[in-house]
Amino acid sequence: MKARKRQQGFNNGFRPAIWLGRHGQALFSSLGRLWRRPLGSFMTLLVLGIAIALPLGLHLLVNNLQQLAAQWDSGASISVFLKESAGEKAAKTLLNALQAKENIREVRHISPQQAMEEFRQYSDFASALELLDDNPLPHVLLVYPRDAKISAQDLQDFLRELENRPEVELALADLQWVERFQGITRILQRAALVLALLLSLAVLLIIGNTIRLEIQGRRDEIGIIKLVGGSDAFIRRPFLYEGFWYGLFGSLIAIALIFVSALALQDPVSHLAALYQSNFRLSGLAMTTVFSVIGISILLGILGAWIAVRQHLGEMELD
Amino acid sequence: MIRFDNVSKSYPGSDGGLREISLHIPPGEMVFLTGHSGAGKSTLLKLVGLLERSSRGQLWVNKHNLSRLKPAEIPLLRRQVGMIFQDHRLLADRTVFDNVALPLVVAGLGRQEIRRRTQAALDKVGLLKKARVLPVTLSGGEQQRVGIARAVVSKPPVVLADEPTGNLDPELSREIMQLFQEFNQVGVTLLIASHDLALVETMQKRILTLEQGRLLRDSHNSESA
């Protein structure tokens, strides 16, 4: 009863319009403060941007490598080269025989003519090929195992089985390096995660320290606000919004940095891909990634500011 | 309005502070607090304004027992007590208007209300024309009046002043005292610390004299006795 009376005496009711007004005012006044010392703010934001861009860039790299590996997954196939003596008919027979097998998903037949055509198209030997009297290329069957993650041992057995057929000259699988490649991308993925965690901590510290300096520079002002009855929340609010702005602008700068870097790499990557007869193109950041990076950065900004303010409000007592 | 009940305040490793002060200031009274420097005038005001907390004893301000106040309630009580300092304590990078409006902004008043009340307070101290300038461009007396406007803008029931005329010449000091008297006439309780005995005595108000942290004399009591 007594506490209730006291509460009424202080008239501390919640008024939404005023609450909104205060927050809006703090939001823009903190933005104004960043703007009033552009060089210092910009340098802090650039540091934040780079710290956020590093794991983000690595994430993008891993993403692209994984897409590349996905393209090669269909390359987890076995090339069966038939003997020169084996003709069209033998090829068709083997194709049908293999397609009937349960552990095989698909078999594609590449005739010598098709092979020659592809060879002519994708290599620089077109004029040299003109000189050939007849087509030296054999029939090839591309065999796709049903189980894409077929173990190395099973694959070896399967290859030997194929080579034991009289019409088969050679059976080749090029899976191992795809596996190694995937192994490397997994390491990079983990590295990106570790880097992201470490640099999140860095972002937290950078923003926390910036806000700490800001608080020290405004000690007198905070003292006077306390004097005239400013609550801790009132004092904390502009600093939290400042942390918000640092997080927002820092992440936007990071995304811009990644965008520019990707743009710079796009042409050389496409060129390299063309050399490998691939139409691979560097893919950018997904929208969900962009938004989560912005969201996480803003949260880190507010958290960093909150830690700094909490520490200092506790320390600061009025004289 | 203000009641001290055996209040003591001691500072570690120091003889200063207050010793067993008991006194009562009813609502609407204007009281002067005198004594040598170091007698405890500022400490007493700081306890009332909750800038510091007493070591022992009970202290009531506007029916609130200060030693029972929760931390979140401290700012709310400070809003009921206007404070004026010898060194003004103004924000140098804000205009006179913004300085005076600060208690209203802090209390969360609407924009219109803030403008209306701030202009009224500035008008009262005769500085309406200087609302848009920075405090540094003002004279000492004007800065003190800005501080006074800030202390009364939210119409607090209690106003404390610590040596408000300390740096002012007698003419300006009398003007400031005149202002205080006007506030008192509309029911504000005032507690003013000053070592300027001559000026204090011309006001013919209750005078509390402190010496070495003790209440040496209370003119109110001696009259009634």
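Here the structure is a predicted model, which means the values were calculated and not measured.

To continue, consider the packing of aromatic side chains. Residue and element names in this part refer to chain A. Evaluation of the coordinates by the stated rule reveals three aromatic pairs over all chains. When the centroid spacing of 6.4 Å and the interplanar angle of 75° are considered together, the rings of Tyr241 and Phe244 count as edge-to-face. Residue Tyr241 and its partner Phe244 are both found in helix 10 (residues 232–275); the two are separated by three residues, about one turn of the helix. Taken together, a centroid distance of 5.1 Å and an interplanar angle of 75° make the contact between Phe244 and Trp245 edge-to-face. For Phe244, a relative accessible area of 21% corresponds to the partly exposed category. Residue Trp245 is classed as buried on the basis of its relative accessible area of 9%.

Another point: the packing of helix 5 (residues 140–152) of chain B against helix 6 (residues 170–185) of chain B. All names here are of chain B. Following both chains from N to C, one finds helix 5 and helix 6 inclined at 10°, their axes separated by 11 Å at the closest point. Regarding the angle of helix 5 to helix 6, the classification is roughly parallel. Crossing handedness for the pair helix 5 and helix 6: right-handed. Here Gly141, Gln144, Arg145, Ile148 and Val152 of helix 5 lie close against helix 6, whose contacting residues are Leu172, Glu175, Ile176, Leu179, Phe180 and Phe183. Of the residues contributing to the contact of helix 5 with helix 6, the split by class is seven nonpolar, two polar and two charged.

Side chains carrying opposite charge are able to pair once their charged atoms draw close together. Inspection of the entire model under this criterion finds 19 salt bridges over all chains. A salt bridge links Glu88 of chain A to Lys92 of chain A; the shortest N-O distance between them is 3.9 Å. Of this pair, Glu88 of chain A and Lys92 of chain A both sit in helix 4 (residues 88–99), four residues apart, roughly one helical turn. Residue Lys92 of chain A is classed as partly exposed on the basis of its relative accessible area, which comes to 39%. When the shortest N-O distance is used, the salt bridge between Glu73 of chain B and Lys70 of chain B registers 3.7 Å. Relative accessible area serves as the criterion here: at 6%, Glu73 of chain B is assigned to the buried category. Since its relative accessible area comes to 47%, Lys70 of chain B is described here as partly exposed. Shared partners join several salt bridges into a network, and the residues in it are Arg33, Arg37, Glu214, Arg218, Glu221 and Glu242 of chain A together with Arg94 of chain B.

Residue and element names in this part refer to chain B. Even without a glycine there, the phi angle at Arg89 is positive, about 50°. One can find Arg89 in the loop between strand 6 (81–84) and helix 3 (96–107). Overall, Arg89 belongs to the partly exposed group, its relative accessible area being 22%. Even without being glycine, Gln212 reaches a positive phi, approximately 50°. For Gln212, the location among the structural elements is in the loop between strand 9 (206–211) and strand 10 (214–218).

Taken residue by residue, the interface counts 25 residues in chain B and 22 residues in chain A. Summed over both sides, the interface of chain B with chain A buries roughly 2300 Å², with 58% coming from carbon and sulfur. At the junction of chain B with chain A, the criterion picks out one salt bridge. Across the pair Arg94 of chain B and Glu221 of chain A runs a salt bridge whose closest N-O atoms are separated by 2.4 Å. Linking chain B with chain A are three residue pairs in polar contact (both at pLDDT 80 or more), by the criterion used here.

For helix 1 (residues 41–48) of chain B, a buried count of six out of eight residues is recorded, marking the element as mostly surrounded by other parts of the structure. At the C-terminal side of helix 1 of chain B, Leu50 of chain B shows a positive phi close to 60°.

This part is about the environment of Arg105 of chain A. Residue and element names in this part refer to chain A. Considering the arrangement of structural elements, one finds Arg105 in strand 2 (residues 104–110). The partly exposed category is assigned to Arg105, whose relative accessible area is 48%. It is 35 Å that separates the C-alpha atoms of Arg105 and Gln266, two residues lying 161 residues apart in sequence. Ignoring sequence-local partners within four residues, the contact set of Arg105 consists of Tyr144, Pro145 and Arg146.

Quick notes on the rules
All residue numbers refer to position in the chain's written sequence, counted from 1. Lettering of chains starts at A and numbering of ligands starts at 1, both following the order in which they are written. pLDDT decides what is reported in this predicted model: residues at 70 or higher carry local features, side-chain atom pairs at 80 or more are listed and counted, and totals for whole chains, interfaces and linings draw on all residues regardless. For the side-chain quantities, the full set of heavy atoms in the structure was used; hydrogens and water were omitted. To pair, rings of Phe, Tyr and Trp, with the six-membered ring standing in for Trp, must have centres within 6.5 Å; the planes then decide the type, stacked if under 30 degrees apart, edge-to-face if over 60, and tilted in the middle. For helices the rule is a DSSP run of H or I covering at least 4 residues; for strands it is a run of E covering at least 2, with both sets numbered from the N terminus onward. Buried, partly exposed and exposed residues are distinguished by accessible area as a fraction of the type maximum, computed with a 1.4 Å probe on protein chains only: under 20%, between the cut-offs, and over 50%, respectively. Convention adopted: a line fitted to C-alpha atoms gives each axis, helices being fitted over their contacting stretch, and angles between N-to-C directions are expressed from 0 to 180 degrees. Any angle that falls under 35 degrees is termed roughly parallel, while one over 145 is termed roughly antiparallel, one within 65 to 115 roughly perpendicular, and all others oblique. A clockwise turn of the near helix away from the far one marks a right-handed crossing, whereas an anticlockwise turn of less than a right angle marks a left-handed crossing. Contact criterion: two residues are considered in contact whenever any of their non-hydrogen atoms come within 4.5 Å of each other. Residue polarity follows a fixed list, in which Ala, Val, Leu, Ile, Met, Phe, Trp, Tyr, Cys and Pro are nonpolar, Asp, Glu, Lys and Arg are charged, and the others, Gly among them, are polar. In the sections that follow, a salt bridge refers to a side-chain nitrogen of Lys or Arg positioned within 4 Å of a carboxyl oxygen of Asp or Glu. Joining two parts hides part of their accessible area as seen by a 1.4 Å probe, and the buried area is that hidden amount summed over both. Polar contacts, as used here, are pairs of N or O atoms within 3.5 Å; protein pairs need one atom able to donate a hydrogen and one able to accept it. Residues neighboring in sequence count only if both atoms are side-chain atoms.

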